[in-house]
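Here is what each chain is made of, one letter per residue.
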Amino acid sequence: MQMLPKLTPDEIKRYSRHLILPEVGLEGQQRLKNAKVLLIGSGGLGSPLGLYLAAAGVGTIGMVDFDVVDFSNLQRQIMHFTPDVGKPKLKSAEEKIKGINPNVKFIPYPARFTSENAMEIAQDQDWDVIIDGTDNFPTRYLVNDVCVLLGKPNVYGSIFRFEGQATVFWAEKGPCYRCLYPEPPPPGLVPSCAEGGVLGVICGIIGCTQVNEAIKLILGRGNPLIGRLLLFNAMEMKFKELKLRKDPNCPLCGTHPTIKELIDYEQFCGLGRGEPEPAPGTDIEIDVRTFKQMLDRGEKPVIIDVREPDEYNICKIEGSKLIPLAQVPQRMNEIPKDKPVVVHCKMGARSMRAVQFLREQGYTNCKNLAGGIDAWAERIDPSVPRY
């Protein structure tokens, strides 16, 4: 029988509202104190994850992140405050976690979670639960594969605009992420939160759902979200549940697995699927400095902005014409074929799709602005607001 750590008098007072819950009690709180949880990311989801796990009394919290706090984070990443801007996120996270509960052992991993270091980090401690708080497909597949290969539960959550979803992937007891999503979407098809936006409070709702699931797994209580995908729509204020089934043909957790080690996830989700994205400076793309030189020489390319109207109202490049990406096929008559055309969006992904489509329609002198209006604001015109 596992020896559980005793609670100090101060801890008994701190966790008193847990201790009087029959489903938690003294032994349950001791389990939480003994537990080790690894968080991948300290952003929108990682913030409520870290704060509530610490408040609940989870004894050891590991956190992986390589980024620094940016002003644009503050709308949803509640662990980071205005004075933290420019500070490493792990430093900011440690201060807040220790501020809530100095009894927590915080283990920072200041690195990007990659195929090269994932196994080392995931095996550094005997983690009871690994929680995915990431926002990109390569890392989601990586976290999933690490958890399956090591036999760990993966508490998953994702957010976008006004919606979110959460589940528990645990191959020993149910499906894994690959059972639900055998293949990632084509590159650029699903906008990131930076491109598509997210209502800040969604992070708290989904993040707290993930914390709830992690605590249940640690306590061994309740009915975890294994084999169930919880969907949340904030605008309708509705939760919906979908049943998930384990795929016997899953290449990772199926009856005859073919994936037995970590792979190149960037290639799997992008460069290895379909046409590779061209590097800046190639025939289909133009960098912001070259574009600025064109304008300074008096050249007058047709500038097409494929963002949404709300984005266009925030900032614009002078002389640009707004044609949202979804409207490009119906409004090609507004885009001349006999003039140079430069297409941009916020960061370059949507506009690249527009350029590829226009090229297929015979617009041979059409180029994508690398980095979009964000690169223009950063490198050329700092008076343009960045969002």
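Because the structure is a prediction, the values reported are computed rather than measured. (Residues numbered from 1 in each chain as written. Predicted model: local features only at pLDDT ≥ 70, side-chain atom pairs only at ≥ 80, totals over all residues. Heavy atoms only, no water.)

Caption draft 1: The arrangement of the environment of F137 in detail. Within the secondary structure, F137 is located in helix α7 (residues 137-150). Linking F137 and M352, residues 215 residues apart in sequence, is a C-alpha distance of 19 Å. In this structure F137 touches Y177, P185, V190 and C269, once residues within four positions along its chain are discounted. (Helix = DSSP H or I, 4+ residues; strand = E, 2+ residues; numbered from the N terminus. Contact = heavy atoms within 4.5 Å.)

Caption draft 2: Spatial organisation of the pattern of salt bridges. For the structure on display, the rule yields 18 salt bridges. The partner of E95 in a salt bridge is K87, and the shortest N-O contact between them spans 3.1 Å. E95 sits in the partly exposed class, given a relative accessible area of 35%. In this structure, K216 and E213 form a salt bridge, with 2.8 Å as the shortest nitrogen-oxygen distance. Taken together, the positions of K216 and E213, both in helix α10 (residues 200-219) and three residues apart, correspond to about one turn of that helix. The exposure classification of K216 matches that of E213, with both residues buried. One continuous salt-bridge network, built from bridges that share partners, spans D84, K87, E95 and K96. (Salt bridge = Lys/Arg side-chain N within 4 Å of Asp/Glu carboxyl O. Buried < 20%, exposed > 50% of the residue type's maximum accessible area, 1.4 Å probe, protein only.)

Caption draft 3: Representation of helix α4 (residues 46-56) in the model. Extensive coverage of α4 is indicated by the burial of nine of its 11 residues. Taken together, the buried positions of α4 are G46, S47, P48, L49, G50, L51, L53, A54 and A56. Phi turns positive one or two residues past the end of α4, at G57, with a value near 100 degrees.

Caption draft 4: Main features of the sheet that holds strand β10 (residues 302-305). In space, the five strands of this open sheet follow the order β9-β13-β12-β10-β11, with parallel pairing throughout. The strands lining the two open edges of the sheet, one partner per strand, are β9 (285-286) and β11 (321-322). The pairing of strand β12 (residues 341-344) with strand β13 (residues 366-369) spans three bridges and is classified as parallel. Directly across from V342, in β13, lies its bridge partner K367. Relative to the sheet, helix α14 (residues 349-360) contacts β9, β12 and β13, its axis offset from that of β13 by approximately 175 degrees. (Pairing = 2+ DSSP bridges. Axes fitted to C-alpha atoms, helices over the stretch in contact; angles between N-to-C directions.)

Caption draft 5: A look at the packing of aromatic side chains. If you walk through the whole model with that rule in mind, you get nine aromatic pairs. Ring plane angle 50 degrees and centroid distance 5.4 Å describe the contact between Y156 and Y177, whose orientation is recorded as tilted. In this pair, Y156 sits in strand β5 (residues 154-160) while Y177 sits in helix α8 (residues 177-180), placing the two residues 21 residues apart along the sequence. With a centroid separation of 4.6 Å and an interplanar angle of 35 degrees, the aromatic rings of F232 and F239 are classed as tilted. Judged by its relative accessible area of 3%, F232 is buried. (Phe/Tyr/Trp six-rings, centres within 6.5 Å; stacked < 30°, edge-to-face > 60°.)

Caption draft 6: Region of interest: the nonpolar core. Of all hydrophobic cores here, the largest spans 41 residues; its most connected members are V37, L39, L53, V58, M63, V129 and I131. Per-element accounting of this core gives the leading share, nine residues, to α10. Every residue in contact with I131, bar those within four places of it in the chain, is listed here: V37, L38, L39, I40, L49, L53, V155, Q210 and A214. Core analysis: the next-biggest nonpolar cluster, separate from the first, contains 26 residues, L142, V146, Y265 and F268 among them. (Core = buried A, V, L, I, M, F, W, Y, C linked by side-chain atoms within 4.5 Å.)

Caption draft 7: The arrangement of the packing of helix α12 (residues 288-296) against helix α15 (residues 372-379) in detail. At a closest axis distance of 10 Å, the pairing of α12 and α15 adopts a crossing angle of 75 degrees. It follows from the interaxial angle that α12 and α15 lie roughly perpendicular. Counted together, V288, R289, F291, K292 and L295 of α12 and G372, A375, W376 and R379 of α15 form the full contact between these two elements. A breakdown of the residues in the contact of α12 with α15 according to their chemical character gives five nonpolar, one polar and three charged. (Parallel < 35°, antiparallel > 145°, perpendicular 65-115°, else oblique. Nonpolar A, V, L, I, M, F, W, Y, C, P; charged D, E, K, R; others polar.)

Caption draft 8: Looking closely at the pairing of strand β6 (residues 163-169). Most of β6 is tucked away, with six of its seven residues classed as buried. Relative to β6, β5 is paired through seven bridges, and the arrangement is antiparallel. Residue pairing in the sheet places N154 in a bridge with F169 of β6. The hairpin turn running from β5 into β6, its antiparallel successor, is two residues long, and R161 in that turn takes a positive phi close to 55 degrees. Here β6 runs beside strand β7 (residues 228-233); their pairing, made up of four bridges, is antiparallel. Following the sheet pairing, Q165 is matched in β7 by L231.

Caption draft 9: Representation of the state of the cysteines within the structure. One pass over the full model with this rule turns up zero disulfides. Lacking any disulfide linkage, C179 is separated from the closest cysteine sulfur, that of C253, by 3.4 Å. The closest cysteine sulfur to the non-disulfide-bonded C269 is located on C176, 14 Å from its own sulfur. For C269, a relative accessible area of 9% translates into the label buried. (Disulfide = S-S within 2.5 Å.)

Caption draft 10: Region of the structure containing α14. Helix length check: α14 (12 residues) gives 17 Å between terminal C-alpha atoms against 16 Å at 1.5 Å per residue, within 8%. Just downstream of α14 lies G362, where phi reads positive at about 100 degrees. (Expected span 1.5 Å × (residues − 1).)

Caption draft 11: Summary view of the confidence of the model for the protein. When pLDDT is averaged along the protein, the result is 93, and 96% of the positions lie at 70 or above. Considering only residues more than four positions removed or in separate chains, one finds that residues 271-281, a stretch of pLDDT under 50, has 18 contacts. (pLDDT = per-residue confidence, 0-100.)

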